[in-house]
Each structure stands twice: as structure tokens, then as C-alpha cells.
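So the chains spell out like this:
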Amino acid sequence: EAQVTQNPRYLITVTGKKLTVTCSQNMNHEYMSWYRQDPGLGLRQIYYSMNVEVTDKGDVPEGYKVSRKEKRNFPLILESPSPNQTSLYFCASRRESRTHQPQHFGDGTRLSIL
Amino acid sequence: GDSVTQMEGPVTLSEEAFLTINCTYTATGYPSLFWYVQYPGEGLQLLLKATKADDKGSNKGFEATYRKETTSFHLEKGSVQVSDSAVYFCALRITQGGSEKLVFGKGTKLTVNP
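The text that follows walks through the structure, step by step, so that each part is easy to find. Please read all numbers here as calculations on a predicted model, not as lab measurements.

**As for the overall build of chain A**
Here comes step 1: When helices and strands are counted, chain A shows zero helices and 11 strands.
Here comes step 2: Relative to its length of 114 residues, chain A is compact, with a C-alpha radius of gyration of 13 Å against a globular reference of 13 Å.
Here comes step 3: The C-alpha extent of chain A, read off along each of the three principal axes, is 40 × 30 × 30 Å.
Here comes step 4: For chain A, the residues scored as buried account for 51% of the 114 residues in total.
Here comes step 5: About 5,500 Å² of surface is accessible on chain A, with carbon and sulfur atoms providing 48% of the total.
Here comes step 6: Here chain A holds 15 positive side-chain charges and 11 negative ones, and the gap between their average locations is 3 Å.

Below, the structure written as C-alpha cells:
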């Protein structure tokens, strides 16, 4: 089954404790992206990757890092999480970059930073 | 800058009522336009899309027409069902050179009562 898989689905942690949210897709998609969803703000793009070893900042990259060492994985790293990063996070992928193809979304990761 | 403005919700309708969710956009180039739907506890799913002016996207009884003259992409459905209850996001994607930008509206929550 074609899917985007995020882990963990839920996490409660404390300020300053490094965490990584993994994202994996089994569709051989070139393009991958991370979003955060906050009430009243909709989805905002954090980082995206057009292909392996190519990453770019989205609208709200501060406090986040990503890597794209292989096509299927695109982890989101919070080196020193803070409470304002409490949010619902979505990973997405798409078949090719620079096309009109829609994105496939994971089921989301709810992070709570205390 | 590039932006998407959706009508604010929540929207509450009775089953079989007509639905319109307004969406207008501002973009520097020629974006592709999308409507995504998010059911409770799930990630976003593509509902429909349009890639150029006057294109009409349609799916599951929903329709939206890409209107360049009014920079709009309003979502409509003639007869809603309880199962249509969800949050709906309008989005645009624009590519310039080697980079890409995806912008979402804030979402409109729809509740359909039996």
C-alpha cells in the first residue's frame, strides 16, 4: 500500500531535549515536505526537499533541521525543542518535483513540548 | 507575497444543503490550485485540483473552477452529506526557477447535521 509513514504519532517531551520525527514514503517520490498545523493558522511549510541531498527552507524553518540522505526518508529534527513548537506536524511527498501532482500526506505527529 | 484566503468557519449545514466555501488567492505567477480535505484524526487528502485558468476540478460531487479574473477557486457541492463533515483547505503551488512554494489557507471546518 502506497503511504507516507510518520513516527511517532504522539510525543510529550520537555524543553531542550532533542527529538527526531521520522518520515518515510514507499512511493519512490522525489519531493518531500514538512508542515506544521496550528489553530487559526492552517498549514505552514517548514522545510522541503526536491530530491536527495537537496533541501530548502519553507515559511517557518526556525528551530528545525532536516536531512535527505536517501529518497524514501526525510526526518525532522528539533535540536532544542521549545513550547512554541507544540503543534501537529505533517510530512508529505509527491511523485516529481516541478509538476502539478498533488501531495500525499502522512497521518500526522502531535508534539507537546512542556 | 503569495497567499490564500478562505472564508472563516465553522460552517454548519443540514444534510442535502448546498455548500460554498470561498477561496481567493494572491500569487506572483501562475499557480496550481488545490482543495484538500482533512477528516478528524487524519492527514490531508487531495479533494480536487486545477492547473490553469478556467479548469474545473471535480471529485465526490465537489467542484471548483480556477477563475483567473477574480483570483478565486471556490469550492461547491450541491447536496452535502454527514460524511462530508471535515476541515477543508484551499492551497496554491507556485514554482519559480528551481524553487517551489506551497501555501495553504487557514482551513474551514464544515459540520453537516442529519
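Once you've had a look at it, read on.
**Section: the sheet that holds strand β7 (residues 56–59) of chain B**
All names here are of chain B.
Here comes step 1: Sheet architecture is open: four strands sit in the order β3-β9-β8-β7, paired in antiparallel fashion. The sheet is open, and its two borders are formed by β3 (19–21) and β7, each paired with just one other strand. Looking at each pair of strands side by side, their axes are set apart by 15 degrees on average, direction ignored.
Here comes step 2: With three bridges connecting them, β3 and strand β9 (residues 75–77) associate as antiparallel partners. Residue threonine 20 lies in a different strand from β9, and its bridge partner there is glutamate 76.

**Some details on the interface of chain A and chain B**
Here comes step 1: Counting residues at the interface gives 24 residues for chain A, matched by 23 residues for chain B.
Here comes step 2: For the pair chain A and chain B, the two sides together bury roughly 1,800 Å², of which 49% comes from carbon and sulfur.
Here comes step 3: At the boundary of chain A and chain B, one finds zero salt bridges.
Here comes step 4: Counting every contact that joins chain A to chain B gives two residue pairs in polar contact (both at pLDDT 80 or more).

**Some details on the pattern of salt bridges**
All names here are of chain A.
Here comes step 1: Counting across every chain of the model gives seven salt bridges over all chains.
Here comes step 2: Two residues, lysine 18 and glutamate 79, come together in a salt bridge whose shortest N-O distance is 4.0 Å. With a gap of 61 residues between them, lysine 18 in the loop between β2 (10–13) and β3 (19–25) and glutamate 79 in the loop between β8 (76–78) and β9 (87–94) connect regions that are remote in the sequence.
Here comes step 3: As a salt-bridge pair, arginine 36 and aspartate 38 come within 2.8 Å of each other at their nearest N and O atoms.
Here comes step 4: Using a relative accessible area of 8% as the deciding quantity, one classes arginine 36 as buried.
Here comes step 5: Looking at aspartate 38, the relative accessible area reads 11%, which means it is buried.
Here comes step 6: One salt-bridge network, in which partners are shared between bridges, spans Lys18, Lys65 and Glu79.

Definitions and cut-offs
- Along each chain, residues carry numbers from 1 onward, in the same order as the chain's sequence is written.
- Each chain gets a letter, beginning with A, and each ligand a number, beginning with 1, in the order they are written.
- In keeping with the predicted nature of the model, local features appear solely for residues at pLDDT of at least 70, side-chain atom pairs appear and are counted solely at 80 or more, and the whole-chain, interface and lining totals rest on all residues.
- The side-chain numbers reported here are obtained from all heavy atoms of the structure, hydrogens and water having been left aside.
- Strands are runs of DSSP state E lasting at least two residues, helices are runs of H or I lasting at least four, and both sets are numbered from the N terminus onward.
- Atoms considered for the radius of gyration are the C-alpha atoms alone. The globule rule reads 2.2 Å times the number of residues to the power 0.38.
- Three exposure classes are used, based on accessible area relative to the maximum for each residue type with a 1.4 Å probe and protein chains only: buried under 20%, partly exposed in between, and exposed over 50%.
- The protein chains shown are the only cover counted for residues, whose accessible areas, like all others here, come from Shrake-Rupley with a 1.4 Å probe.
- We count Lys and Arg on the positive side and Asp and Glu on the negative side, and we leave His and both chain ends out.
- Just so you know, the charge point we use is NZ for Lys, CZ for Arg, CG for Asp and CD for Glu.
- Paired strands, in this sense, are two strands between which DSSP finds at least two bridges.
- Note on method: axes are straight lines fitted to C-alpha atoms, helices fitted across the in-contact stretch only, with angles between N-to-C directions ranging 0 to 180 degrees.
- Two residues form a contact once any of their heavy atoms are found within 4.5 Å.
- We define buried area as the total accessible area lost by two parts upon association, computed with a 1.4 Å probe and summed across both.
- Take a side-chain nitrogen of Lys or Arg and a carboxyl oxygen of Asp or Glu: if they are within 4 Å of each other, that pair is a salt bridge.
- Between N or O atoms, a polar contact is any pair within 3.5 Å; within protein, one atom must be a potential hydrogen donor and the other a potential acceptor, and residues adjacent in sequence are included only when both atoms are from side chains.

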